[in-house]
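# Coordinate analysis (summary)
Chain by chain, the residues run as shown.
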Amino acid sequence: MCSAAARPRGARLRGALRQETLSLSAFDRLLINALQSDFPLSARPFDELAVRLDCPAEQIINGIDSLLARGVITRFGPLFNIELLGGAFSLCALEVPTERFEEVTDLVNAYPQVAHNYAREHRFNMWFVLATETDQELEDVFAEIIERSGCPGLNLPKEEEFYVGLRLEA
Amino acid sequence: MSDCASRPETDRELQRRIVVALQEGLPRCHRPYLQVAAELGISEETLLDTLGRMQASGAVRRIGVVPNHYALGYSHNLMVVWDVDEEQLAALGTTVGQLDFVSHCYRRPRRPGWPYNLFTMVHGRSEAEVQRQVDAISDSLGDALRGHTALRSTRILKKTGLRLRQQES
C-alpha cells in the first residue's frame, strides 16, 4: 500500500499561460499515448498494463509519477462528468473595463462557485464557469456578480453537448 | 455521510463520495483501487463495480492521463463561437464535434447582442494549424454559418476545475 502522502498533485497552471514544450523520452511518449484512455478497471491494473506495454509494472508506476512531477500530465485517474451527478453549471462572461480588470477578477474569483476563469480578447473579456448545487443558486450568484461588478454579463448554460474529449499525440 | 448509521447510503451518495475521493486522481501503487476502497470503507469489488457502472452511464468519461497541452507543444488553444442556423444546428454540431482537433462542442443560448449558439475549442501546434482548423469548421458549417468569432485567452485567472464539495449530511 502506498500512502496518500505519496500522491503528488498534478501541476497546476496559474498566471500567465505556460508556453514551453518539455522534452520527452520515448518512454514518456509511449505512456502518454497509451494511457489517454483505457486504463484498466481491475484489481491489478498496472500488471495488466505491464503485459500490454511489455515492460515492468514498476517502470509504468514510476513513469506516471515522473510525468506528474514534471507537469507533462496534469492528472492521472478517472475523468468525471460531474454534471451527471447533480448540480448546475454555466459558462458566464463579463464585459469589464480595462482599468477595473484586476478589481473585478478578485471579486469574481472570491466566489467558491467559480471553477475557472479566463481573460479573453473580446468585448466580453472575462469568461468563467459557475458550478453550484442548484439552478436557483446559479441564478443568484450570477445576478450578484452582475450587480456587484456593475458589468454587463452573459449567462450561457450548455443546452446540448455534441462532443467532449481530445486525444493529443505526444 | 455521517448519518450512514441511520440509513443505507444511496448509489448517488456513494458515487459522489467516490468522485470526491478521486478528485486528486488515482494513487500510483499496485492495488490503487484497493487503497481508495479502503479509504472509502467499501470493498475493492464495490468500487470497481460502481466505477464500471459510472463509465457505462457517462459519469466517468474515461480513465487515464490528462496531458498538459503546452508540454506536448499544443500551445495554440482557441475558443471559437459560431452563429449557426438554428434548424441545422443539431446535425451540424455533431459533424463539427467529430473533427479530431475539436475537444469541446456545445450548443449554448443566444442573447441580445450575442448571436453565437455553437461553442468549440480547438487545439494546434501553430497559429497556421489552428487557422486551418477554423477554416475546416467553417467549411463544415457551409450555408448554415452566419458569422463567427475567436476568443483568444490571454491569461488564466483561476483554475480549480469542477469539484464536488464534501456533502453535509
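Here the structure is a predicted model, which is why all the values come from computation and not from measurement.

### A few points about the interface of chain B and chain A
Contacts between the two partners involve 87 residues from chain B, matched on the other side by 96 residues from chain A. Taking both partners together, chain B and chain A bury about 8,900 Å²; carbon and sulfur atoms supply 58% of that area. Scanning the region where chain B abuts chain A turns up five salt bridges. The closest approach of N and O atoms between Arg61(B) and Glu161(A), which form a salt bridge, is 3.1 Å. For the pair chain B and chain A, the number of links is 41 residue pairs in polar contact (both at pLDDT 80 or more).

### Examining the sheet that holds strand S3 (residues 102-107) of chain B
On the basis of which strands lie adjacent, the open sheet formed by nine strands has the order S5(A)-S2(A)-S4(A)-S3(A)-S5(B)-S2(B)-S4(B)-S3(B)-S6(A) and antiparallel pairing. Only two strands of the sheet have a single partner each, and these edge strands are strand S5 (153-156) and strand S6 (160-164) of chain A. Taking the axes of each pair of neighbouring strands and ignoring which way they run, one obtains an average angle of 25° across the sheet. Sheet topology note: the S6(A)/S3(B) ladder contains four bridges and is antiparallel. Paired with Val164(A) across the strands is His104(B), a residue of S3(B). Helix H4 (residues 101-109) of chain A rests against strand S2 (88-94), strand S3 (114-120) and strand S4 (126-132) of chain A together with strand S5 (145-159) of chain B of the sheet, and its axis sits at about 80° to S5(B). Contacting S2, S4 and S5 of chain A, helix H5 (residues 135-149) of chain A runs over the sheet at an angle of about 15° to S2(A).

### Quick word on the pattern of salt bridges
Evaluated as defined, the whole model comprises 21 salt bridges over all chains. The residue Arg17(B) makes a salt bridge to Glu9(B) at a minimum N-O spacing of 2.6 Å. Judged by its relative accessible area of 34%, Glu9(B) falls in the partly exposed class. With its nearest N and O atoms 3.1 Å apart, the salt bridge here joins Glu86(B) to Arg110(B). With Glu86(B) in helix H4 (residues 86-97) and Arg110(B) in the loop between S3 and strand S4 (118-124), this residue pair connects regions lying 24 residues apart in the sequence. In this structure Glu86(B) comes out as partly exposed when scored by relative accessible area, which is 38%. Salt bridges sharing partners connect three or more residues here, namely Glu160(A), Asp83(B), Asp85(B), Glu86(B), Arg107(B), Arg110(B) and Arg146(B).

So, how was this worked out
Residues numbered from 1 in each chain as written. Chains lettered and ligands numbered in written order. Predicted model: local features only at pLDDT ≥ 70, side-chain atom pairs only at ≥ 80, totals over all residues. Heavy atoms only, no water. Contact = heavy atoms within 4.5 Å. Buried area = accessible area lost by both parts, 1.4 Å probe. Salt bridge = Lys/Arg side-chain N within 4 Å of Asp/Glu carboxyl O. Polar contact = N/O pair within 3.5 Å; in protein donor to acceptor, adjacent residues only side chain to side chain. Pairing = 2+ DSSP bridges. Helix = DSSP H or I, 4+ residues; strand = E, 2+ residues; numbered from the N terminus. Axes fitted to C-alpha atoms, helices over the stretch in contact; angles between N-to-C directions. Buried < 20%, exposed > 50% of the residue type's maximum accessible area, 1.4 Å probe, protein only.

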